[in-house]
Amino acid sequence: MDWGNVTAEDLIDALREVDWSSPPRPLSEFFARFTVPRSSAKWNSRFKCNLYYYRTNYFILIVFIVGLGFLRRPVSILAAILTALSIAFLNDSFAGTFSEKVTRTVRQFSPHLAAKMRPPLTPVIRGRPSTKRIVHICGRPRWVFVVMFSSVSFILWYVSCGLFTVIWALAVALLAILLHASFRTPNLKARLNTFREEFRAVWRNYSEL
């Protein structure tokens with residue numbers, strides 16, 4: 001796959017739709033080999049490839065660095081968790097898994113309430129959905145949870161006065177990701193993983209048809 005031809009919009013869509021439940025790459029692979037890209041085109045391709053391949057490692061890195069900044073601020077830690085959840089809800093796989101686990105837990109105590117938490121059925125015409133698929137969480141559109149969690153986290157950030165701290169922590173985390181993704185040489189496993197994800201995407205589109 002030529003990552004140089006992948007636009008930023010395509011990369012964001014891929015990160016939104018891909019399964020984030022995969023375990024992080026081992027540290028021996030994460031810090032294996034670093035080289036300077038020979039050209040801007042090489043850097044562009046390498047950066048997108050590493051950002052996609054090490055996505056779980058980068059997410060853990062952000063959570064770790066932000067967590068270090070709030071060891072003495074429990075309210076800020078709660079705000080950071082809610083912010084991370086509101087961002088994670090934008091991923092289709094995470095939103096579906098979260099909704100399924102919550103519904104399954106509620107079903108053990110109240111089957112009637114769990115039945116109301118099921119997503120509405122999408123009408124199908126000639127084997128295809130009549131409308132664009134909308135992701136639901138616990139029977140409600142995804143944006144409801146994103147707005148709710150974001151609003152609560154913003155209030156907690158304001159109360160704890162930790163917004164300036166999180167900005168610095170995010171800046172350090174993003175700088176670390178930028179440096180790693182720019183100088184980490186893509187290995188064969190990253191390229192094979194890319195082809196595997198491409199096959200899954202093609203097969204998913206074929207199955208929907």
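About the cut-offs
Here the residue index of a chain counts from 1 through its sequence in written order. Only residues with pLDDT of at least 70 are given local features in this predicted model, and only at 80 or more are side-chain atom pairs given and counted; all residues enter the totals for whole chains, interfaces and linings. Hydrogens and water molecules were not included; the side-chain quantities draw on all heavy atoms of the structure. Strands are runs of DSSP state E lasting at least 2 residues, helices are runs of H or I lasting at least 4, and numbering of each runs from the N terminus. Burial classes follow relative accessibility: with a 1.4 Å probe on protein chains only, a residue under 20% of its type's maximum area counts as buried, one over 50% as exposed, and anything between as partly exposed. Contacts are assigned to residue pairs with any non-hydrogen atoms lying within 4.5 Å of each other. Throughout, the Shrake-Rupley method with a 1.4 Å probe supplies accessible areas, and for residues the shown protein chains are the sole cover considered. Cavities and pockets are defined on a 1 Å grid built over the protein atoms alone: a cavity is a set of grid points where a 1.4 Å probe fits but cannot escape, while a pocket is an open set with protein on both sides within 12 Å along at least five of seven lines, and lining residues are those with an atom within 4 Å of any such point. Grid points are joined across faces, edges and corners, and a volume is the space filled by probe spheres set on the points. Classes in brief: Ala, Val, Leu, Ile, Met, Phe, Trp, Tyr, Cys and Pro nonpolar; Asp, Glu, Lys and Arg charged; the others, Gly included, polar. Any carboxyl oxygen of Asp or Glu within 4 Å of a side-chain nitrogen of Lys or Arg constitutes a salt bridge here. For this analysis, a nonpolar core means a set of buried residues of the types Ala, Val, Leu, Ile, Met, Phe, Trp, Tyr and Cys, connected via side-chain atoms within 4.5 Å. In this description, a line fitted to the C-alpha atoms serves as the axis of each element, helices being fitted only across the stretch in contact, and the angle between N-to-C directions of two axes falls anywhere from 0 to 180 degrees. Crossing handedness is read from the near helix: turned anticlockwise from the far helix by less than a right angle, it gives a left-handed crossing, and turned clockwise, a right-handed one.

A. Spotlight on the overall build of the protein. Summing up its helical and strand segments, the protein has 10 helices and four strands in all. Tracing the protein from N to C terminus, the helices and strands come up as α-α-α-α-α-α-α-β-β-β-β-α-α-α. In the protein, which comprises 209 residues, the share counted as buried stands at 33%. Considering only intrachain contacts with a sequence separation of at least 6, the fraction spanning at least 24 residues in the protein is 81%. With an accessible surface of roughly 14,100 Å², the protein has 68% of that area assigned to carbon and sulfur atoms.

B. Layout of the side chain of His180. Mapping His180 onto the fold places it in helix H9 (residues 163-183). With near-sequence residues (within four places) excluded, His180 lies in contact with Phe30, Phe34, Asn50, Tyr54 and Tyr58.

C. Spotlight on empty space enclosed by the protein. Scanning all chains against the criterion turns up one cavity of 30 Å³ or more. By volume, the largest cavity amounts to about 30 Å³. Broken down by element, the residue count for the lining of the largest cavity peaks at three residues, all from helix H4 (residues 55-68). Partitioned by chemical class, the residues of the lining of the largest cavity number four nonpolar, three polar and two charged.

D. Molecular detail of the pattern of salt bridges. Considering all chains together, one arrives at two salt bridges under this definition. A salt bridge links Glu100 to Arg104, with the nearest nitrogen and oxygen atoms 2.6 Å apart. With Glu100 and Arg104 both in helix H6 (residues 92-107), this residue pair falls four residues apart, about one helical turn. Given the relative accessible area of 46%, Glu100 is considered partly exposed.

E. The nonpolar core, seen in detail. With 20 residues, the main nonpolar core has Val66, Phe89, Ile137, Phe145 and Trp157 as its most contacted residues. Broken down by secondary-structure element, the contributors of at least two residues to this core are H4, helix H5 (74-88), helix H8 (142-160) and H9. Here this core gets five residues from one element, more than from any other, and that element is H8. Setting aside residues no more than four positions away along its own chain, Phe89 makes contact with Phe94, Ala95, Phe98, Ile137, Arg142, Phe145, Val146 and Phe149. Formed by seven residues, the second largest nonpolar core is a distinct cluster that contains Phe47, Tyr53, Ile177 and Ala181.

F. Spotlight on the environment of Val135. Its place among the elements puts Val135 in the loop between strand S2 (128-129) and strand S3 (136-137). Apart from residues no more than four positions distant in its own chain, Val135 is found in contact with Asp92, Ala95, Arg140, Pro141 and Arg142.

G. Local environment of the packing of H4 against H9. One can describe the packing of H4 onto H9 by two numbers: an axis separation of 9 Å at closest approach and a directional angle of 145°. The two elements H4 and H9 meet at a crossing, and its hand is right-handed. Across the interface between the two elements, Tyr58, Leu61, Ile62, Ile65 and Val66 of H4 pack against Val166, Ala169, Leu170, Val172, Ala173, Ala176, Ile177, His180 and Ala181 of H9. Of the residues assigned to the contact of H4 with H9, the class counts are 13 nonpolar, one polar and no charged.

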